[in-house]
Each structure stands twice: as structure tokens, then as C-alpha cells.
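Each chain is listed here by its residues.
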Amino acid sequence: METPKHESADAIISKAEDKKAILAIIEIYIVGLRSGRVDLLKKAFHDNAIMYGFSVENKTSEGNIERLYNTIEKNGPLPYVTSKNTILHLTDNTALVLAELKNTSPCQNSTDYLSLMKINGSWKIISKVYQLSHAH
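Draft legend 1. Expanded view of the overall build of the chain. Looking only at helices and strands, the chain features three helices and six strands. Moving toward the C terminus, one meets the helices and strands of the chain in the order α-α-β-β-α-β-β-β-β. Taken over the C-alpha atoms alone, the chain extends approximately 55 × 30 × 25 Å along its principal axes. Burial analysis of the chain (136 residues in total) assigns 33% to the buried set. A separation of at least 24 residues holds for 48% of the contacts in the chain among residues at least 6 apart in sequence. Carbon together with sulfur atoms contributes 54% to the accessible area of the chain, which is approximately 8,600 Å² in total.

Draft legend 2. Examining the side chain of Thr-104 more closely. On the secondary structure map, Thr-104 appears in strand S4 (residues 94–105). Setting aside chain neighbours within four positions, we find Thr-104 in contact with Leu-78, Val-81, Asn-109, Ser-110 and Leu-132.

Draft legend 3. Highlighting the nonpolar core. With 30 residues, the main nonpolar core has Tyr-29, Leu-33, Phe-45, Leu-68, Leu-114, Leu-116 and Ile-125 as its most contacted residues. Within the residue set of this core, elements represented by two or more residues are helix H1 (9–35), helix H2 (38–44), strand S1 (45–54), helix H3 (66–75), S4, strand S5 (108–119) and strand S6 (122–134). The element best represented in this core is H1, accounting for six residues. Non-local contacts of Ile-125, meaning those with residues more than four positions away in its chain, are made with Ile-25, Ile-26, Tyr-29, Ala-44, Phe-45, His-46, Ala-49, Leu-114, Ser-115 and Leu-116.

Draft legend 4. Just the environment of Ile-65, in detail. By the element assignment, Ile-65 lies in the loop between strand S2 (60–64) and H3. Residue classification places Ile-65 among the buried residues on the basis of a relative accessible area of 1%. Not counting residues up to four positions away in its chain, the partners in contact with Ile-65 are Phe-45, His-46, Ala-49, Ile-50 and Met-51.

Parameters at a glance
- Along each chain, the written sequence defines residue order, and numbers are assigned to residues from 1.
- It should be noted that, the model being predicted, local features are given only for residues of pLDDT at least 70 and side-chain atom pairs only at 80 or more, the latter also being counted only at that level, while totals for whole chains, interfaces and linings use all residues.
- Only heavy atoms go into the side-chain values, all of them from the structure, while hydrogens and water stay out.
- The way it works is that DSSP assigns letters per residue, a run of H or I at least four long becomes a helix, a run of E at least two long becomes a strand, and they are numbered from the N terminus.
- Residue exposure (1.4 Å probe, protein chains only): buried if accessible area is under 20% of the type maximum, exposed if over 50%, otherwise partly exposed.
- Residue contacts are defined here by distance: any two heavy atoms, one from each residue, within 4.5 Å place the two residues in contact.
- All accessible areas in this document rest on Shrake-Rupley with a 1.4 Å probe, and a residue is counted as covered only by the protein chains that are shown.
- Note on terminology: a nonpolar core comprises buried Ala, Val, Leu, Ile, Met, Phe, Trp, Tyr and Cys residues joined through side-chain atoms within 4.5 Å.

In C-alpha cells:
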């Protein structure tokens, strides 16, 4: 019978620190949306990040993260946006986060799946896949 493997204290601390850093990056993303600050969004996303998703009418949107920056610059802040963030999976250098955003517009919510990578010791969002829905 195989003996269960136990994580070292250092590994447990490292994973806890990664979780904290990942959620901080997601919070920077949300604050950037809420305040309309593209400079904050750029701190959360990798320079070459991509974004794919569906509108409430199920029309697809695809391209680089500049589309998000342009939308925020054009439409302004989302002052009432809130988010429930859940780390769905975490490895040493990758993570998948579910961000359930409410009030992305007066009548829309967004379900975002955010892929992150730890590059040179820093977590960055490398892709956003989303579905917009009508707010209830």
C-alpha cells in the first residue's frame, strides 16, 4: 500500500501566497473596471492577453485584450460592478479563476473564466473567456 504524500510546510505557504497573489490580480481587474482605469487593467493582464466571448444575443467577440481597454475608454467606468471570484484550479505556474461579475452594465452580468500564468514570479491574466447575460 502506498504511503500518502504530504506537502511540506514551505509548499503549503507557497500555495497560500500564490492564491493571495492571484486573487489580488483579479481584484485589480475588477477595480480597473469599476473605476474605468485602463492603467489598472494593464497591470492585471499580460501584454499579449486574448479575449473571447459571447454577448447576451450569443454573438461572438474575439481578439486581443486591447478590445477591453478600448471599450472601457469609450464607455467609462462600471461603478456598480461586483464580483465573486473562485480559483477553480491552481498549479505551480498556472491558474483558472471563475469571476462572476454583476452589473457590468445596467442590465448585464458577465461570467468570466480567467486563465493566469506566473511569469517571472508575477501572476498575469493571459486569457479571458466570457458569457454576458441579462441581469435578473
